[in-house]
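The lines below spell out each chain.
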Amino acid sequence: MKTKFLLFSLMLSLLSITNVWADDVTYTFTSKSWAATSGGVAANWTSGKDGDQLTSGRGIQITTGASGANATSPISFSNVSSVVVTYSTNASKGAGSISVKVGTNTAHSQNVTKTGGTTDRTLTYDINPAETGNITLTVTCTTNSIYVKSVAITYSSGGGSTPSLTLTPTSTSVEAANVANQSITLTTSNFSSSISSVTTGLYSDAECTSAITSGAWVKDITVNSGKTAVTFNVDDNDGAQRQCWLKITATAGSQNASAILPITQAKYSAPT
């Protein structure tokens, strides 16, 4: 039992770390139309003008024909103090400029020249005083090609801006038999956009595993279409009291928050 408690405590500690909306976020582009991921989660930018193509390992290629390609971040950022663009050029040529605009503020622009060719380089935009708003990236190509791989943003979310997920109830105890359609209400706060997905996973001291499997006694876990509730069923218990922990994670763009629901099922009592 002591080992089980330590493992669960460690799991909670790890979750509390991943639950924080960090003040640094990086978007890596995955298509010429400015689709992107952040932390392995889809966080697509809104394209104002597509690039020519996506080149593996290098990013979006913008040629003179696609000059002016631009896109806007999926969410607004508060107090942006720095933006770093990772880019490269054609092996023999490549010139132009890359500009960063925060909200309705004046754009910050830097020139691009062929120095290093296909090697990744960075442009750092130090923004002082800090600015707030969605970030628009624009690439002007005057010679050959410029490749844009990723954008890293440093900002200050401020007090009370950490996304959170609250479960109602915060824990649940069920009978040994005839348990069905248990419902948990999800309440999210401090997300900058609508919840795009809700994922679940099971952790236990016994039959459940770190992923939902046919052998888990908590089963049929379903998220409603509005992403505001999770329901599940529980197998009958023919032995001692048992416990599972259901981890629920809500995601919106590059933001996410998690919470854990302890599920306790009563021990089997033979009928008299």
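Residues numbered from 1 in each chain as written. Predicted model: local features only at pLDDT ≥ 70, side-chain atom pairs only at ≥ 80, totals over all residues. Heavy atoms only, no water.

## Points about the overall build of the protein
Tallying secondary structure elements over the protein gives one helix and 19 strands in all. Expressed as a percentage of its 272 residues, the buried residues of the protein come to 42%. When contacts within the protein are restricted to residue pairs at least 6 apart in sequence, long-range pairs at least 24 apart make up 69% of them. (Helix = DSSP H or I, 4+ residues; strand = E, 2+ residues; numbered from the N terminus. Buried < 20%, exposed > 50% of the residue type's maximum accessible area, 1.4 Å probe, protein only. Contact = heavy atoms within 4.5 Å.)

## Side note on the pattern of salt bridges
Counted under the stated rule, the structure contains two salt bridges. One salt bridge connects K149 with D120, and the closest N-O pair in it is separated by 2.8 Å. Separated by 29 residues along the polypeptide, K149 in strand β11 (residues 145-154) and D120 in the loop between β9 (108-112) and β10 (121-143) bring together distant segments of the chain. Measuring nitrogen to oxygen at the nearest pair gives 2.6 Å for the salt bridge that ties D235 to K219. With D235 in the loop between β17 (229-234) and β18 (242-252) and K219 in strand β16 (residues 218-223), this pair connects stretches of sequence that are 16 residues apart. When its relative accessible area of 26% is taken as the criterion, D235 is described as partly exposed. (Salt bridge = Lys/Arg side-chain N within 4 Å of Asp/Glu carboxyl O.)

## Examining the side chain of S82
Along the chain, S82 turns up in strand β7 (residues 69-89). Taking relative accessible area as the criterion, S82 reaches 13% and is therefore assigned buried. If we skip the residues at most four places from it in the chain, S82 touches T124, Y125, D126, A152, I153 and T154.

## A word on the packing of aromatic side chains
Enumeration according to the criterion identifies five aromatic pairs in this entry. Relative to F77, the ring of Y27 has its centre 6.4 Å away and its plane inclined at 80°; by these criteria the two rings are edge-to-face. Taken together, the residues Y27 in strand β1 (residues 24-29) and F77 in strand β7 connect sequence positions 50 residues apart. The pair formed by Y27 and F77 is uniform in burial state, with each residue classed as buried. One aromatic cluster is present, formed by Y27, F29, W34, W45, F77 and Y155 through successive ring pairs. In this structure, R58 packs its charged tip against the face of Y147, placed 3.7 Å from the ring centre. (Phe/Tyr/Trp six-rings, centres within 6.5 Å; stacked < 30°, edge-to-face > 60°. Lys NZ or Arg CZ within 6 Å of the ring centre and 35° of its normal.)

## A few points about the sheet that holds β17
Within the open sheet, the four strands sit side by side as β12-β14-β17-β16. Their pairing is antiparallel. Strand pairing shows two members of the sheet lacking a second neighbour, β12 (164-168) and β16, which therefore form its edges. Looking at each pair of strands side by side, their axes are set apart by 25° on average, direction ignored. (Pairing = 2+ DSSP bridges. Axes fitted to C-alpha atoms, helices over the stretch in contact; angles between N-to-C directions.)

## Here's the deal with the nonpolar core
Ranked by internal contacts, the top residues of the largest apolar core, which has 34 residues, are W45, I98 and L137. Every element with two or more residues in this core is listed here: β1, β6 (59-63), β7, β8 (95-102), β10 and β11. It is β7 that contributes the most residues to this core, eight residues altogether. Grouped together as the second largest cluster of nonpolar side chains are 26 residues, I184, I221, V230 and A259 included. (Core = buried A, V, L, I, M, F, W, Y, C linked by side-chain atoms within 4.5 Å.)

## Re the confidence of the model for the protein
On average, residues of the protein score 83 in pLDDT, and 85% of them are at 70 or above. Counted against residues more than four places away or in other chains, residues 1-22, with its pLDDT under 50, gives 26 contacts. Every residue in residues 210-214 scores below 50 in pLDDT, and together they form six contacts with partners more than four places removed in sequence or on other chains. (pLDDT = per-residue confidence, 0-100.)

## Things to note about the environment of A152
Tracing the chain through its elements places A152 in strand β11. For A152, a relative accessible area of 25% translates into the label partly exposed. For the pair A152 and T86, spaced 66 residues apart in sequence, the C-alpha to C-alpha distance is 8.3 Å. Filtering out sequence-adjacent residues up to four positions away, A152 remains in contact with V25, T26, S82, V83 and V84.

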